Structure formats: structure tokens, C-alpha cells
Amino acid sequence: MTDSGLPPVPASADAVVIGAGAFGFATAYHLAKGGLKHVVLLDQFEPGTQVSARAAGLFKLIQASEIKTRLAQRATEIVTGFSANTGIPMPFVASGSIYAARTPAHASMVEAEVEDSRGWGVRLERLEPSEVRIATNYLSGDNIVSAFFVPDDIYIEEPRSLLLAYRQAGAVLGMQTIGHTPAIGITVLNGRVVGVETPRGTIETPIVVDTAGAWAKIVGGFAGVDIPVQPLRHQLRITTPIQGIAPTDPVVRLIDSAAYIRPSRGGLMFGGMEANPLPFAPGDAAGLSLDRMPLDHQLNDQFVAALAEDIPALRDTSIQEERGGVFTMTADGQLLVGPAAGVEGFWMATGCNGTGFSLSSGVGYYLAEWITTGKASIDMSDLDPNRFRTQPLSADELTNAAIWQYANYYVPR
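In what follows, the accompanying structure is described. For clarity, every value in this text was computed on a predicted model and none was experimentally measured. (Residues numbered from 1 in each chain as written. Predicted model: local features only at pLDDT ≥ 70, side-chain atom pairs only at ≥ 80, totals over all residues. Heavy atoms only, no water.)

1. Focus: the overall build of the protein
Item 1. Looking only at helices and strands, the protein features 10 helices and 17 strands.
Item 2. In summary, the protein has a C-alpha radius of gyration of 21 Å against a globular reference of 22 Å for 413 residues, a match within 12%.
Item 3. Viewed in the frame of its principal axes, the protein has a C-alpha envelope of about 65 × 45 × 40 Å.
Item 4. In the protein, which comprises 413 residues, the proportion classed as buried is 59%.
Item 5. In the protein, the proportion of contacts linking residues at least 24 apart, taken out of those at least 6 apart, comes to 78%.
Item 6. Here the protein displays about 16,000 Å² of accessible surface, and carbon together with sulfur accounts for 51% of that area.
Item 7. Positive and negative side-chain charges of the protein, numbering 29 and 42 respectively, have mean locations separated by a distance of 3 Å. (Helix = DSSP H or I, 4+ residues; strand = E, 2+ residues; numbered from the N terminus. Rg over C-alpha atoms; globule rule 2.2 N^0.38 Å. Buried < 20%, exposed > 50% of the residue type's maximum accessible area, 1.4 Å probe, protein only. Contact = heavy atoms within 4.5 Å. Areas by Shrake-Rupley, 256 points an atom, 1.4 Å probe, with all protein chains shown as cover. Lys, Arg positive; Asp, Glu negative; His and termini not counted. Charge placed at Lys NZ, Arg CZ, Asp CG, Glu CD.)

Written out as C-alpha cells, the structure reads:
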């Protein structure tokens, strides 16, 4: 036994993945599926209980770039085929989604994104305002200027079920998930990774993957790698049950309100991008378990006011759950996925920018393919994690850029 009272960690592993959220589980699983005999997934908390467990569970095929679209398509294929391919249940709801705008400026944005998405192979159907009410039990179409139905969008009711499914399927392949065990150091010799230090001993390994989300910058620092991400608080709300809401009602994204809405637990889940999100410094995040996340109920009260005219059911509900999580933002709104320059064997998947849960299965698939075969089968260059090295940002510059990306997530450019 170690000083912590827990048994020692394994002495060695083919790869160690640090951070047991959606990115971590998907990457570790696909590394094991790709042929690595002993993959260890570490987390400082109980695995699968932090950021990803507090996600909205949405899968979104309309994305702002081709690479994100490819990742979203692959992620949706993996999730919808997971039970058939592994024998492990991964429940999802094939609801489709409505992508809509109530102002001409935002309608122009919707039309442009739809045109791009069609070119990248996303199925879309235009809805007339009169058809919007028919398509969903809770959204009026009276103020809709432009709307499209995305039939292949899905959601996962309880996001933790995705993490548990990956944990079970990975265990069958030899993946070892270890919780309550933080990485406290990464050993680098002659420019390459050779081990991960924990309070329960050192794991010798040639490969480390940083999927630590809000804590990614701290983990990167152990290896001398600067990871330019800024964690920002994001809140969502689940209402008490509402008569007439069906689980298969489509997800709705109202672009002009920067808001998303979906069925949840008999009521509605909603959230959005406020103008002034709460940032966390890396040191603040070091010991922050998200069950202690400070919440501000007024934020989602503002979304109720913005949405109630078109979703009148929100007016007469109370709160079933107010949930606080974290978006890990980058200065340009793109993920950081790939190998770190200057430290051989150190890889990362972070910078979710609000779409991490949706893209995680695709990110994990292609990153594991890259690690195990030497090349990803799609072009990942837009996600180069080293792209800020030549012009590094100060802490204030990164925070300001991250807040701008968050607040302008749905703003016409």
C-alpha cells in the first residue's frame, strides 16, 4: 500500500491518458482498440464525474469548419453504432434538431452555415415557420425567420452514460481506469516522455495524452508544454416536468439568443452563452471539483426571458436542476489536438470550445489512430496544438480572447 492507503499504480503502461472525461475515455478506448496492450486512464477525481458529466449531451452536425464537421460525423457514427459494435449499451435519443434564427442577420448566418454543411455531407431540410410548431411540441414558429431540420442530430439524456459505456468497453480491451489519483509530474528525458508521477507511484510510459480539460494547462506544465486554454464557467438548467414534452422532440438551437433547448427528464434543458462568463485561472482549477462550482441563477433567468415568447412553457416552470460546468476555450475557437512540439510522446486533446462532448468520440478515434499508426486518416492540421508558439499570448490576452470566443459563439461574423 502507498501513503494514500491505495494500492500502487502499475509500474508501466503503453500509454497514460490524463483526464477521465469524454476526450479521455474516447482516446483511451480507441488506443486500446488500436492495439496498445496496456492503456491507463488517470483522474484526480472519481472518473467520469467532472466536466463531461455536466454537459448538455448534445451532438451537433452543423459546425463552423469542415474539420469539426468530420469529427462530428465520426462521433455520431461511433455513438449510434456503439452498442452493436461492442455489446455495451450506450443509450441515445435520435431526436434530430432545429437550427433556427429570429433576426435577418442571424438568418443569414444560418443560411451560410447550412450551405457549407450540405457541402460537407450533412443532411438538412428547410422548415417553413408554420412547420416549426408541427416539428416540436414546445417551440412556436411565429417569430422564426429561418429554420432547418437536421435529422441525424442526436442527444444523450444523461451524459455520464457515454463515459460509463466507454469505461466498460475499454475494460474488455485491457484499458485500466484509475480514479482519485492525480498526475503530479511528468518525467521527460532527452526531450521525450518516459513516465508519469502520481502519489501512488510512477508509471513508466513512452506516451502521455493530456485530456484534462480545465486542468490541461497544469498537466502540460509538468512536461514543460504550454497549453493555451482558458476555462470559463457554463451553466444550464433542467426544468420541472412539462405536460406534452416528449423525449423525441427535436433539440432546438435559437441562434439569435445564443441558446440551446432540449427535452430532459420530462421537462426542458436549456442554456446559452452569456456575455460575461466567469473565468478560472489554472491555479483556481487545480483542486476544483465541479460539485463546488459557484452558480448564478440569474444567468438562466435571463435566458427564460429571452426565450419565453417562443417557448411559452418556460414561463410556468421551476428548477429541477441548475448545473455548472466548464468550457475550455482557446483564443481562436479551435480545438488543440495532436503532438506537442519539443516533447516527443506528449499528445493532447483539449480546447473543447463548447463542442467537446459532441466531438469527443471523433477526436478520440482520430487521435488514437494518429498515435498508433503515425497518421490520422483525415487532415488535422487546423487543430495543430502548436499554432500559438510563434506568437504566445499573455494570460490576460488569452482570457480576453477566450471570453470573446465564448460570448460570440452564435454572433454573425
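2. Quick notes on the sheet that holds strand S6 (residues 176-178)
Item 1. Strand order in the open sheet made by the six strands is S6-S2-S1-S10-S17-S16, with mixed pairing throughout. Each edge of the sheet is formed by a strand with only one pairing partner; in this case those strands are S6 and strand S16 (336-339). Averaged over neighbouring strand pairs, the angle between their axes works out to 20 degrees when direction is ignored.
Item 2. Where S16 and strand S17 (residues 346-350) come together, four bridges link them in antiparallel fashion. Considered in S17, the bridge of Gly338 is made with Met348.
Item 3. Where helix H1 (residues 22-33) meets the sheet, its contacts fall on strand S1 (15-18), strand S2 (39-42), S6, strand S10 (208-210) and S17, and the angle it forms with S2 comes to roughly 170 degrees. (Pairing = 2+ DSSP bridges. Axes fitted to C-alpha atoms, helices over the stretch in contact; angles between N-to-C directions.)

3. Digging into helix H9 (residues 356-373)
Item 1. Here H9 spans 24 Å end to end across 18 residues, near enough to the 26 Å set by a 1.5 Å rise per residue.
Item 2. For H9, the principal kink sits at Gly362 and spans about 30 degrees.
Item 3. Gly374 sits one or two positions beyond H9 and adopts a positive phi of about 95 degrees. (Expected span 1.5 Å × (residues − 1). Bend = angle between axes of the 7 residues up to and from the residue.)

4. Describing the sheet that holds strand S8 (residues 192-198)
Item 1. Spatially, three strands are ordered S7-S8-S9 in an open sheet, and the strand pairing comes out antiparallel. The strands lining the two open edges of the sheet, one partner per strand, are strand S7 (185-189) and strand S9 (201-204). Strand-to-strand twist of the sheet, defined as the mean angle between neighbouring strand axes without regard to direction, takes the value 25 degrees.
Item 2. Summarising the sheet, S7 and S8 pair through five bridges and their orientation is antiparallel. Bridging across to S8, Gly185 finds its partner in Glu197.

5. What about the pattern of salt bridges?
Item 1. For the structure on display, the rule yields 18 salt bridges.
Item 2. Residue Glu77 pairs with Arg74 through a salt bridge whose shortest N-O separation is 2.9 Å. With a gap of three residues between them, Glu77 and Arg74 both fall in helix H2 (residues 66-86), about one helical turn apart.
Item 3. Note on Glu77: relative accessible area 47%, which makes it partly exposed. (Salt bridge = Lys/Arg side-chain N within 4 Å of Asp/Glu carboxyl O.)

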